[in-house]
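The chain contents come next:
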Amino acid sequence: MRKSLKIIGIVVLIIAVIFIGAWFWVLGLQKDQEATKIKMDDIKEAYPNFNKVVDEFSSLRNQFYTYKEDLYLDTLKTNADAWNTFMNTYALGIQKVEDAAKVLKDNCNIEYGDISVSTKCDVFKANYEAAHNYYISDVKLYNQMIDEYDKYNLENGGTFAKVNKAEYKVYKDYIDYDKDGEYFGKEVTENEE
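About the criteria used
Residues numbered from 1 in each chain as written. Predicted model: local features only at pLDDT ≥ 70, side-chain atom pairs only at ≥ 80, totals over all residues. Heavy atoms only, no water. Phe/Tyr/Trp six-rings, centres within 6.5 Å; stacked < 30°, edge-to-face > 60°. Helix = DSSP H or I, 4+ residues; strand = E, 2+ residues; numbered from the N terminus. Buried < 20%, exposed > 50% of the residue type's maximum accessible area, 1.4 Å probe, protein only. Axes fitted to C-alpha atoms, helices over the stretch in contact; angles between N-to-C directions. Parallel < 35°, antiparallel > 145°, perpendicular 65-115°, else oblique. Left-handed = near helix turned anticlockwise from the far one by under 90°. Contact = heavy atoms within 4.5 Å. Nonpolar A, V, L, I, M, F, W, Y, C, P; charged D, E, K, R; others polar. pLDDT = per-residue confidence, 0-100. Patch = residues over 30% accessible without salt bridge, like charges linked within 9 Å, V, L, I, M, F, W, Y side chains within 5 Å. Areas by Shrake-Rupley, 256 points an atom, 1.4 Å probe, with all protein chains shown as cover. Salt bridge = Lys/Arg side-chain N within 4 Å of Asp/Glu carboxyl O. Core = buried A, V, L, I, M, F, W, Y, C linked by side-chain atoms within 4.5 Å. Expected span 1.5 Å × (residues − 1).

Draft legend 1. Here's a closer look at the packing of aromatic side chains. In this structure the tally under the stated criterion is 17 aromatic pairs. On the numbers, 5.4 Å between centres and 10 degrees between planes, the contact of Phe 57 with Tyr 90 is stacked. Here the residue Phe 57 occupies a position in helix α1 (residues 2-68), and Tyr 90 occupies one in helix α3 (residues 80-100), the gap between them amounting to 33 residues. Exposure remark for Tyr 90: the relative accessible area of 0% places this residue in the buried category. The interplanar angle of 85 degrees and the centroid separation of 6.3 Å between the aromatic rings of Tyr 128 and Tyr 171 together place this pair among those described as edge-to-face. Of this pair, Tyr 128 sits in helix α5 (residues 115-155) while Tyr 171 sits in the segment after α5, placing them 43 residues apart in sequence. When its relative accessible area of 23% is taken as the criterion, Tyr 171 is described as partly exposed.

Written as structure tokens, this is what we have:
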């Protein structure tokens, strides 16, 4: 009789441990689901602003390429202030992209079961990488022109207006943010080949 009571006690204890373990597992799962839902809501809320800021940056980039058509040594000396102002504005544009990306960078580092959120994260990663790499390409191109202008200005006695080099606001080198082995937006110049 004592042996059967011990067996019953052990079985009840095992069932109690399994039940308590399952209960804690379910509670943990619920907390994880709640945390994931909060992250997905944060992504859904932050994405439209990021998208808007990337569109604004794209407009600035289009302006850069429109202005670049008239970027010559002679025009730099007469439009130095305009170029300095524009390149500062362009740098602020990429900084706004970086600021708007904070929530997405924090939360888009895992795969979500919600296709809408997963798509937003994929598009975010591609646009974030492209914006920064385009900016780096444009700054390299512009700064090479400024180096030539500085030599030209020095050869002419340094009498022309000072044109500032553009700043690398966030990254100095090309990024592969989505880690796919490609640097989306990187434009290779002759010096980089």
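The rest of the description comes next.
Draft legend 2. Molecular detail of the packing of α3 against α5. It is at 10 Å that the axes of α3 and α5 come closest, and there the two elements cross at 160 degrees. The angle between the axes of α3 and α5 places the two elements in the roughly antiparallel class. Seen along the crossing, α3 lies across α5 with a hand that is left-handed. Between α3 and α5, the contacting residues are Trp 83, Met 87, Tyr 90, Ala 91, Ile 94, Val 97 and Glu 98 on the first element and Tyr 128, Ala 131, His 132, Tyr 135, Asp 138 and Tyr 142 on the second. Looking at the contact of α3 with α5, its residues break down into 10 nonpolar, 1 polar and 2 charged.

Draft legend 3. Representation of the confidence of the model for the chain within the structure. Per-chain confidence: the chain averages 86 in pLDDT, with 96% of residues scoring 70 or above. Counting interchain partners and residues more than four positions distant, the pLDDT-below-50 stretch residues 189-193 has 6 contacts.

Draft legend 4. Representation of a nonpolar patch on the surface within the structure. On the surface, Phe 19, Ile 20, Trp 23, Phe 24 and Leu 27 cluster together into a nonpolar patch covering about 550 Å² of accessible area. Assignment of secondary structure puts Leu 27 in helix α1. Accessibility expressed as a relative area gives 32% for Leu 27, which makes it partly exposed.

Draft legend 5. Structural context of the nonpolar core. Ranked by internal contacts, the top residues of the largest apolar core, which has 39 residues, are Phe 50, Val 97 and Tyr 142. When contributions to this core are tallied by element, the ones reaching two or more residues are α1, α3 and α5. In terms of residue count, the dominant contributor to this core is α5 (11 residues).

Draft legend 6. Broad picture of α3. Its 21 residues give α3 an end-to-end C-alpha distance of 30 Å, which sits within 8% of 30 Å, the value for a rise of 1.5 Å per residue. Of the positions making up α3, those classed as buried are Ala 80, Trp 83, Asn 84, Phe 86, Met 87, Tyr 90, Ala 91, Gly 93, Ile 94, Val 97, Glu 98 and Ala 100. Against the buried residues of α3 lie α1, α2 (73-78), α4 (102-107) and α5.

Draft legend 7. The arrangement of the pattern of salt bridges in detail. Scanning the entire structure with this criterion turns up 8 salt bridges. One salt bridge in this structure joins Asp 74 and Lys 77, with 3.7 Å as the shortest N-O distance. Of this pair, Asp 74 and Lys 77 both sit in helix α2, 3 residues apart, which is roughly one turn of the helix. The exposure class of Lys 77 is partly exposed, given its relative accessible area of 27%.

Draft legend 8. Just the packing of α1 against α5, in detail. Between α1 and α5, the shortest axis-to-axis distance is 10 Å and the interhelical angle comes to 25 degrees. Put simply, α1 runs roughly parallel to α5. Seen from above, α1 lies across α5 with left-handed handedness. Among the residues making up the contact of α1 with α5, the classes are represented as 18 nonpolar, 2 polar and 5 charged.

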